[in-house]
Amino acid sequence: MSVRPAKHPPALTPPASIPHVKTTIGRLHSLRISKTPITVLTAYDYPTALACSAHPVDITLVGDSLAQVCLGYPSTTRLSLDEMLHHCRAVARGSTSPLLIGDLPFGTYAPSVSDAVKSAVRMVQEGHVEGVKLEGGEETVEHVRALTKIGIPVMAHIGLLPQRHVSLSGYRVQGRTAQSASTLLRAAQALEDAGAFAIVLEAMPSLLGAYITEQLNIPTIGIGAGPGTSGQVLVWDDMVGTWSGHKPRFVRHFADVRKEVVRGVSGYVNAVRNGTFPDSDREGYSMDRGEWEKFLAAEGRPSWTWTPVPRDTPTEDAVAES
C-alpha cells in the first residue's frame, strides 16, 4: 500500500468546472418547492463519503444500517453509539457539499428526552455530523422538539422502523389499513410541528407516501414509499450491489460492484499463485549493480544469484492499468 496520502483521488474528483453547492436545510426546502427530487445515500467510511461528495448527492446519511453491512451484526439494534461515532468521523473527513446526517442508534434516545439530547450532542461534537435522524412516531415528538430547540437539526423517520423489527414482527410494509395510514399521517404532522426539517417515509403504499408528502411543508425522503415523495434514499451497498442479504422490493442495483470484487480478488489470488504477480520489471524496484555487489561481498556471498520463477501469460482476470 502506498503511504503517500491522496490529495485529489482521480476516480472520485469531478471536473473543476462543476461547482457543488453546499446543501443546507434552506436549499432542501427550495428543492421541495420546485419539485426537484432530493437524493440521499448512506455512507459509512471516507471513500464512500468522497463518492457522495464528488458526484454529488444532496444528503449523506451515516445510517445505522452499517451495523449489518459493515460490522456483520444481525440487526441495527446491536450498534453502539461509540461505533456510530467512529464511522461518522470517517465520513465527515470525506464529506463536503452534502448535508451530513447521522442515525441515532437504538437505545440512545428513546429512554428519555435527556438521553436524546446527550446522544445528539455527542453526534455533533464527536461525530462531526450536521444533524441527526431518529426513528419513531408521535412518541418521539418531545425528543424532536428538544433537539431542535437547542439547534440540532432532526430528520424524522416513520413507517417501517428497522430498530423495532422484532416488535413489528419483521420488516413489514406499514400503513396498509385506513387506521394505520391515519396514524402515520398524524405522526408526520406532529413531527413537522415539533421542528423536524425532513422526514423519512419507509415501506408504505405509494399512494400514502404521496398523500403524506402533499400534507407537509417539509421534504419527505422515501425508501419503499413510491415516487411521490420529495426525494429518495438507498443504502450504499444496495445501490452498488454488494449486499448479499435479502433484497427488498424497493431496492434497485445501479451497479454490480460485487461481480467486480469477485473478479478482482480471484484475479489477484490466481496471479500470485501462478507467479505472474508481481512482475520484477514493471512492479519491482532496482538497485545499482555496484551497490548490490558490495552488499553481497559484505555478506560473504559474492556468488549468490536468484532466478525468477518462470512467468506464465497473465490471466484474463488481470485488470490493465488505466
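Look up a bit, the structure's there.
Keep in mind that what you see is a predicted model, and the values were worked out from it rather than measured.

1. Description of a nonpolar patch on the surface
Point 1. On the surface, Met 287, Trp 292, Phe 295, Trp 304 and Trp 306 cluster together into a nonpolar patch covering about 550 Å² of accessible area.
Point 2. Locating Met 287 in the fold gives a position in the loop between helix 10 (257-273) and helix 11 (289-299).

2. A few points about the packing of aromatic side chains
Point 1. Tallying each qualifying case throughout the model produces three aromatic pairs.
Point 2. On the basis of an interplanar angle of 65° and a centroid distance of 6.1 Å, the ring pair of Trp 292 and Trp 304 is categorised as edge-to-face. In this pair, Trp 292 sits in helix 11 while Trp 304 sits in the segment after helix 11, placing the two residues twelve residues apart along the sequence.
Point 3. Note on Trp 292: relative accessible area 31%, which makes it partly exposed.

3. Thoughts on the pairing of strand 5 (residues 154-159)
Point 1. Counting buried positions along strand 5 yields six of six residues, so the element is predominantly enclosed.
Point 2. Alternating residues of strand 5 divide into Val 154, Ala 156 and Ile 158 and Met 155, His 157 and Gly 159, and every residue in both groups is buried.
Point 3. Relative to strand 5, strand 4 (residues 131-135) runs parallel, the two sharing four bridges. Bridging from a neighbouring strand, Glu 135 pairs with His 157 of strand 5.
Point 4. Crossover handedness for the path strand 4 to helix 6 (residues 141-149) to strand 5: right-handed.
Point 5. Two strands pair when backbone bridges link them, and strand 5 and strand 6 (residues 198-202) are joined in this way by five bridges, in the parallel orientation. The residue of strand 6 that forms the bridge with Ala 156 is Ile 199.

4. A closer look at the sheet that holds strand 8 (residues 231-234)
Point 1. Ordered in space as 1-2-3-4-5-6-7-8, the eight strands form a closed barrel in which the pairing is parallel. For this sheet the average axis-to-axis angle between neighbouring strands, irrespective of direction, equals 25°.
Point 2. Against the sheet, helix 7 (residues 178-194) makes contact with strand 5 and strand 6, and its axis sits at roughly 175° relative to strand 5, the strand it touches most.

5. A few points about the pattern of salt bridges
Point 1. Throughout the structure, instances matching the rule amount to nine salt bridges.
Point 2. Here Lys 133 and Asp 103 are joined by a salt bridge, their closest N and O atoms 2.8 Å apart. Residue Lys 133 is located in strand 4, and its partner Asp 103 is located in strand 3 (residues 99-103); the two are separated by 30 residues in the primary sequence.
Point 3. Under the relative-accessibility criterion, Lys 133 is labelled buried at 3%.
Point 4. Salt-bridge contacts for Arg 289 lead to Glu 293; the nearest nitrogen and oxygen are separated by 3.4 Å. Pair noted here: Arg 289 and Glu 293 are both in helix 11, with a separation of four residues, about one helical turn.
Point 5. Glu 293 sits in the partly exposed class, given a relative accessible area of 43%.
Point 6. Residues joined by salt bridges that share partners form a network here, namely Asp 82, Arg 122 and Glu 126.

6. Description of unusual backbone geometry
Point 1. In this chain, Phe 277 is followed by Pro 278 through a cis amide linkage whose omega measures 0°.
Point 2. Of note in the backbone geometry, His 128 takes a positive phi value of approximately 65° without being a glycine.
Point 3. Checked against the element boundaries, His 128 lands in the loop between helix 5 (113-125) and strand 4.
Point 4. A positive phi angle is found at Ala 203, which is not glycine, with a value near 50°.
Point 5. Along the chain, the position of Ala 203 falls in the loop between strand 6 and helix 8 (206-215).

7. Quick notes on the pairing of strand 7 (residues 220-223)
Point 1. Of the two faces of strand 7, the one lined by Thr 220 and Gly 222 and the one lined by Ile 221 and Ile 223 are each fully buried.
Point 2. Note: strand 6 against strand 7, four bridges, orientation parallel. Considered in strand 7, the bridge of Val 200 is made with Ile 221.
Point 3. Crossover connection from strand 6 via helix 8 to parallel strand 7: handedness right-handed.
Point 4. Bridging between strand 7 and strand 8 involves two bridges; their strand directions are parallel. Looking at the pairing, Gly 222 lines up with Gln 232 of strand 8.

8. Comments concerning the nonpolar core
Soluble globular proteins tend to bury their nonpolar side chains together.
Point 1. Met 123, Val 132, Ile 158, Ile 199, Met 204, Ile 212 and Trp 236 are the most contacted members of the largest nonpolar core, which totals 55 residues.
Point 2. With eight residues, helix 7 is the single largest residue contributor to this core.
Point 3. Not counting the four nearest positions on each side in its chain, Val 132 is found in contact with Ile 101, Gly 102, Leu 104, Ala 120, Met 123, Leu 147, Ile 152, Pro 153, Val 154 and Met 155.
Point 4. Grouped together as the second largest cluster of nonpolar side chains are 15 residues, Leu 31, Ile 38, Leu 99 and Ala 198 included.

Here is what the cut-offs are and how they apply
- Within each chain, residues carry numbers counting from 1 in the order of the written sequence.
- Local features in a predicted model are, by the rule used here, given only for residues with pLDDT of at least 70; side-chain atom pairs are given and counted only at 80 or more, and totals for whole chains, interfaces and linings are based on all residues.
- With hydrogens and water stripped out, all remaining heavy atoms of the structure feed into the side-chain values.
- Residues forming no salt bridge and having over 30% relative accessible area are the ones grouped into patches, like charges within 9 Å of each other and nonpolar side chains (Val, Leu, Ile, Met, Phe, Trp, Tyr) within 5 Å.
- Exposure was quantified through the Shrake-Rupley algorithm and a 1.4 Å probe, taking into account, for residues, occlusion by the shown protein chains and nothing else.
- In the sections that follow, a salt bridge refers to a side-chain nitrogen of Lys or Arg positioned within 4 Å of a carboxyl oxygen of Asp or Glu.
- Only DSSP runs of H or I with at least four residues qualify as helices, and only runs of E with at least two residues qualify as strands; both kinds are numbered from the N terminus onward.
- Between rings of Phe, Tyr and Trp, where Trp is taken as its six-membered ring, a pair exists when centres lie within 6.5 Å; planes separated by under 30 degrees are stacked, by over 60 edge-to-face, and by other angles tilted.
- Categorising residues by exposure relies on relative accessible area from a 1.4 Å probe, with only protein chains included: less than 20% of the type maximum marks a residue as buried, more than 50% marks it as exposed, and the intermediate range marks it as partly exposed.
- Strand pairing is assigned whenever DSSP identifies at least 2 bridges connecting the two strands.
- Handedness of a crossover is defined as follows: orient the strands so they point away from the viewer, and if the path from the first strand over the helix to the second runs clockwise, the crossover is right-handed.
- To obtain an axis, a line is fitted to C-alpha atoms, over the contacting stretch when the element is a helix, and the angle between two such axes runs from 0 to 180 degrees between their N-to-C directions.
- In this description, contact between two residues means that some pair of their heavy atoms is separated by no more than 4.5 Å.
- Think of a nonpolar core as a cluster: buried Ala, Val, Leu, Ile, Met, Phe, Trp, Tyr and Cys residues, connected wherever their side-chain atoms sit within 4.5 Å.

Coordinates in, geometry out; function isn't part of it.
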